[in-house]
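Coordinate inspection notes
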Amino acid sequence: MYKVNLPLGTRDSFGEREKKKYYIKAEIEKKLLVNNFMKVSTPLLEHKEVFSEFDLKQMGTYQLLDSNDESLILRPDLTLPLARFLATNNVKLPQKFYYVGERFKISKALSGKYNQMTQAGIEIVGYPSIRAELECMLMINQISTEFLEGKAQIELGHAQFADAILDELTQDSKLKEKIKNELFRKNMPKYLAYIDAFKDQKVYEFLKKWPRLFGNISWVLRKISEFELPIKAQQIINQLTQITSWLEQLPNQKVLLDLSVAPPQSYYTGITFKGFIESISDYVFSGGRYNQLLENFQEQAEPAVGMGIDLEILADFSDINIEQDKKNLLYYYPHQLGMVNQILKKHDLELSMENKLEDALLVAKRKNVELYVIDKGGQLQNVIEDSFD
Ligand SMILES: N[C@@H](Cc1c[nH]c[nH+]1)C(=O)O
């Protein structure tokens, strides 16, 4: 017997779930194509170096060897392959791109998570304007409204906020990393021990409150206004305050702010955002600005903003109902195949699979649809049950 069980962390997806996923994917793609996003498909496999940005072991990537014993990676992320693509193809910038594809990460055993996920994503490259971030957030709001009953909340952050605070305190980059680490993990005892060194400084009051500065946006902004921050940090706060006031105009959109969280990806350099629904821990949307990333692949940096959209979560948690019209059936004889071909161009019919007309009729009755046959003149005839009596 062949082995029939699947590798750990993988699954078959089929039937209603797969239909829902396909529908959502198609709707998102349609929206992006009409908005002039260019579709890009890159391979599942890339050279290891494309992901130098990541700690591949910690991330849990699949590594394979090609015929030259060279390490290849099953992509854990689709933004880095797109950056590699831009450096190797002469595509005109600025430009908006999108992709839909599989990504792979080995999750912890028994975590209940899958190692292969379909992700859609957009990358808006070459535009320094805040309009790039706003377009992503508008899209989160629209997808949430269409597929998640408006339940997705947006959580804003900034990849440089922590450095903007810590750069004013110390030049010791190792210490800065340690403080950030404990702050992001909300490990209070260790965090407090590290910041003790700055007890005599004005910013110490802020440092003590920092790990708790997340949640309702007006609450966080009110709290933070009690402190005098370094100029760069204050500029970030001003920018986030401004964006928040714009986001308030989106229908039904809850917005949160987290100033003590690690940026979702190491390559972000500016505003970051995640979209989540309350009942689940994984994010449906995750993105941010990454102005330096392209410099790793080519000479010139490019301003860029992008986000990933988790199609698995959308398929699992969307309650859209994909109503399918019931199709009437066509019973035909194999020698009528040419006529069938003509008829299907004009009529929306499903072909009966039964060999016998009476069986086809039984199926049609069970499905509560009409049954048609093709008469000698090539015309459709509705089959009336009495004809069998
Ligand atoms: N690649 C990121 C999402 C993203 C796209 N563009 C920028 N960020 C992720 O998977 O989290």
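Small disclaimer: the values here were computed from a predicted structure and weren't measured. (Residues numbered from 1 in each chain as written. Predicted model: local features only at pLDDT ≥ 70, side-chain atom pairs only at ≥ 80, totals over all residues. Heavy atoms only, no water.)

1. As for the site of the ligand
To keep it simple, the criterion reads: Being near a molecule or strand, for a residue, comes down to having at least one heavy atom within 4 Å of it. Contacts described as polar in this section are N or O atom pairs within 3.5 Å, which, within protein, must combine one atom able to donate a hydrogen with one able to accept it, while residues neighboring in sequence count only if both atoms come from side chains. All accessibility values rest on the Shrake-Rupley procedure with a 1.4 Å probe; residue burial counts only the protein chains present in the view. The rule is simple: put a 1 Å grid over the protein atoms alone, call a set of points where a 1.4 Å probe fits but cannot get out a cavity, call an open set with protein on both sides within 12 Å along at least five of seven lines a pocket, and count a residue as lining if it has an atom within 4 Å of a point. For a molecule to be placed in a cavity or pocket, more than half of its atoms must lie within 2 Å of the grid points of that cavity or pocket.
Within the structure, the ligand sits among 14 residues, and Asp77, Thr79, Glu123, Gln265 and Tyr268 are positioned closest to it. In the model, a nitrogen atom of the ligand is placed 2.8 Å from a nitrogen or oxygen of the Thr79 side chain. A distance of 2.7 Å separates a nitrogen atom of the ligand from a polar atom in the side chain of Glu123. Burial of the ligand by the surrounding chains reaches 96%, relative to a free accessible area of 300 Å². Counting atoms within 2 Å of the grid points, the majority share of the ligand lands in the largest pocket.

2. Looking at the packing of aromatic side chains
To keep it simple, the criterion reads: Centres within 6.5 Å make a pair out of two Phe, Tyr or Trp rings, where for Trp the six-membered ring is used; the pair is then stacked when the planes are under 30 degrees apart, edge-to-face when over 60, and tilted otherwise. Runs of H or I in DSSP of at least four residues are treated as helices and runs of E of at least two as strands, each being numbered from the N terminus. Think of it in three bands: with a 1.4 Å probe and only protein chains considered, a residue is buried below 20% of the maximum accessible area for its type, exposed above 50%, and partly exposed in between.
Counted under the stated rule, the structure contains 12 aromatic pairs. Centre to centre, the rings of Phe54 and Tyr267 are 6.2 Å apart; their planes meet at 40°, and the pair counts as tilted. Placement of the pair is Phe54 in the loop between strand S2 (45–47) and helix H2 (56–59) and Tyr267 in the loop between strand S9 (255–258) and strand S10 (271–276), with a sequence separation of 213 residues. Taken individually, Phe54 and Tyr267 each receive the classification buried, so the pair is uniform in this respect. Aromatic side chains Phe206 and Trp210 sit 5.4 Å apart centroid to centroid with 35° between the ring planes, which places their arrangement in the tilted category. Residue class for Phe206 comes out buried when judged on its relative accessible area of 1%. Under the relative-accessibility criterion, Trp210 is labelled buried at 0%.

3. Details of the sheet that holds strand S11 (residues 285–289)
Threshold: A pair of strands is treated as paired once DSSP finds two or more bridges between them. Contact definition: two residues touch when any of their heavy atoms are within 4.5 Å. Inter-axis angles, ranging from 0 to 180 degrees, are taken between N-to-C directions of lines fitted to C-alpha atoms, where helices are fitted over the stretch in contact.
Strand order in this open sheet of nine strands is S1-S5-S6-S12-S11-S10-S7-S9-S8, and the pairing throughout is mixed. This sheet does not close on itself; its edge strands, each paired only once, are strand S1 (38–39) and strand S8 (214–216). Examined bridge by bridge, strand S6 (residues 116–125) and strand S12 (residues 304–310) share seven bridges and lie antiparallel to one another. Bridge pairing in S12 places Ile122 opposite Met307. In the packing of helix H1 (residues 15–34) onto the sheet, the strands contacted are S1, strand S5 (95–104), S6 and S12, and the crossing angle to S5 comes to about 160°. This element, helix H9 (residues 217–224), spans strand S7 (153–158), S8 and S9 of the sheet and lies at about 120° to S8.

4. What to know about the environment of Pro263
Considering the arrangement of structural elements, one finds Pro263 in the loop between S9 and S10. Along the sequence, Pro263 and Lys274 sit 11 residues apart, while their C-alpha atoms lie 9.9 Å from each other. Contact partners of Pro263, with chain neighbours within four places excluded, come to Ala159, Phe184, Tyr268 and Thr272.

5. Observations regarding the packing of helix H6 (residues 173–184) against helix H7 (residues 188–195)
Let me state the cut-off plainly: Under this scheme an angle from 65 to 115 degrees is roughly perpendicular, one under 35 degrees roughly parallel, and one over 145 degrees roughly antiparallel; angles in between are oblique. In this scheme, a crossing is called left-handed if the near helix is turned counterclockwise away from the far one by less than a right angle; it is called right-handed if the turn is clockwise. When residue character is reported, Ala, Val, Leu, Ile, Met, Phe, Trp, Tyr, Cys and Pro are called nonpolar, Asp, Glu, Lys and Arg charged, and the others, Gly included, polar.
Put simply, H6 and H7 touch, their axes get as near as 8 Å, and they point 150° apart. Relative to H7, H6 is oriented roughly antiparallel. Our pair here, H6 against H7, has a crossing hand that is left-handed. Within the contact between the two elements, H6 uses Leu175, Lys178, Ile179, Glu182 and Leu183 and H7 uses Lys190, Tyr191, Tyr194 and Ile195. Grouping the constituent residues of the contact of H6 with H7 by class yields six nonpolar, no polar and three charged.

6. Some words on the side chain of Arg75
Our working rule: Working convention for charge: Lys and Arg count positive, Asp and Glu count negative, and His plus the chain ends are omitted. One side-chain nitrogen of Lys or Arg within 4 Å of one carboxyl oxygen of Asp or Glu is enough to make a salt bridge.
Within the element layout of this structure, Arg75 appears in the loop between strand S4 (71–74) and helix H3 (79–88). One buried charged residue, Arg75, remains without a salt bridge, the closest side chain of opposite sign being Glu46 at 6.1 Å. In this structure the side chain of Arg75 is engaged in a polar contact, spanning 2.7 Å, whose partner is the backbone oxygen of Glu102. Residues within four places of Arg75 in sequence aside, it is in contact with Thr42, Pro43, Leu44, Phe51, Pro81, Gly101, Glu102, Arg103 and Phe104.

7. Describing the UniProt feature "binding site: L-histidine" (unreviewed entry) in the protein
Using the following cut-off: UniProt positions are given in the numbering used here, feature names are shortened, and annotations may be inferred rather than shown by experiment.
Per the UniProt entry, the sites bearing "binding site: L-histidine" (unreviewed entry) are Asp77, Leu78, Thr79, Gln119, Glu123, Tyr267 and Tyr268 in this numbering. Cross-referencing the annotated residues with the lining of the largest pocket gives Asp77, Leu78, Thr79, Gln119, Glu123, Tyr267 and Tyr268. The exposure class of Tyr267 is buried, given its relative accessible area of 4%. Every residue in contact with Tyr267, bar those within four places of it in the chain, is listed here: Glu53, Phe54, Asp77, Thr79, Leu80, Arg289, Tyr290 and Leu293.

8. Quick notes on the nonpolar core
To keep it simple, the criterion reads: Here, nonpolar core refers to any group of buried Ala, Val, Leu, Ile, Met, Phe, Trp, Tyr and Cys residues whose side-chain atoms link them within 4.5 Å.
Within the largest apolar cluster, 66 residues are counted, with the highest numbers of intra-cluster contacts made by Leu156, Phe161, Phe206, Leu207 and Trp210. Among the elements that take part in this core, helix H4 (residues 131–147) stands out by supplying seven residues, more than any other. Apart from residues lying up to four places away in sequence, Phe206 is in contact with Phe161, Ile165, Leu213, Ile224, Phe227 and Leu229. Leu56, Leu78, Leu82 and Ala83 belong to the second-largest nonpolar core, a separate cluster that totals 23 residues.

9. What about the pattern of salt bridges?
Across all of its chains, the model carries 22 salt bridges by this definition. With a closest N to O distance of 2.7 Å, Asp316 and Arg17 form a salt bridge. Of this pair, Asp316 sits in helix H11 (residues 311–317) while Arg17 sits in helix H1, placing them 299 residues apart in sequence. The exposure class of Arg17 is buried, given its relative accessible area of 16%. Glu27 is paired through a salt bridge with Lys30; the nearest N and O atoms lie 3.0 Å apart. On the criterion of helical spacing, the pair formed by Glu27 and Lys30 is a turn pair, its members being three residues apart in helix H1. One network of salt bridges, in which partners are shared, links Arg11, Arg17, Lys21, Glu312 and Asp316.

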